[in-house]
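A closer look at the structure
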Amino acid sequence: MDIEQSKEPRMSARRDGGAVVRVERRRHWSDEEKLAILKETTQPGAIMAVVARRYGIGTGQLYTWRKQLLRGAMAGFMPVELAPAEPLAMPSDAGRIEIRRGDFTVSIDRLVDREALRLALEVVGELER
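To start, this report covers the structure provided alongside it.

**Side note on the nonpolar core**
- Listed in full, the 8 residues of the largest apolar core are Ile37, Leu38, Met48, Val51, Ala52, Ile57, Leu62 and Trp65.
- Per element, the largest residue contribution to this core is 3 residues, and it comes from helix H2 (residues 48-55).
- Once you skip the residues sitting within four places of it in the chain, Val51 turns out to touch Ile37, Glu40, Thr41 and Leu62.
- Listed in part, the 5 residues of the second largest apolar core include Ile99, Ile108, Ala120 and Val124.

Shown next as structure tokens:
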């Protein structure tokens, strides 16, 4: 919740009994500026107070911006249930080799290993003799 601040002079007490008059101002930061400042706070070794001081804001403002960023990011998400992936169905004839000799047929699918294929071809060669 943002609290509007006026530009009216404000009085604050001093130790010597005098008063300091200052004008409160409200700055408007764009979303890009806020994000850039927040990114600085995530750098290795970054100190929130140092970053806040660099931009003339309080650390509370940085934490507020961070909370607003997270709330906005989370607003777009929906719960998802992941299911195990099912293997893609390949057409049964894809990559299949058929060798027909007389009254017999040797069918070899695309996943056959080389040794099994060599043995199958030897058997076909022996049957033809």
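Now that the structure is up, let's keep going.
**Some details on the pattern of salt bridges**
- Inspection of the entire model under this criterion finds 3 salt bridges.
- We note a salt bridge from Glu40 to Arg54, for which the minimum N-O separation is 2.4 Å. Note that Glu40 is positioned in helix H1 (residues 31-41) and Arg54 in helix H2, a separation of 14 residues in sequence.
- A relative accessible area of 23% means that Glu40 is categorised as partly exposed.

Quick notes on the rules
Residues numbered from 1 in each chain as written. Predicted model: local features only at pLDDT ≥ 70, side-chain atom pairs only at ≥ 80, totals over all residues. Heavy atoms only, no water. Core = buried A, V, L, I, M, F, W, Y, C linked by side-chain atoms within 4.5 Å. Buried < 20%, exposed > 50% of the residue type's maximum accessible area, 1.4 Å probe, protein only. Helix = DSSP H or I, 4+ residues; strand = E, 2+ residues; numbered from the N terminus. Contact = heavy atoms within 4.5 Å. Salt bridge = Lys/Arg side-chain N within 4 Å of Asp/Glu carboxyl O.

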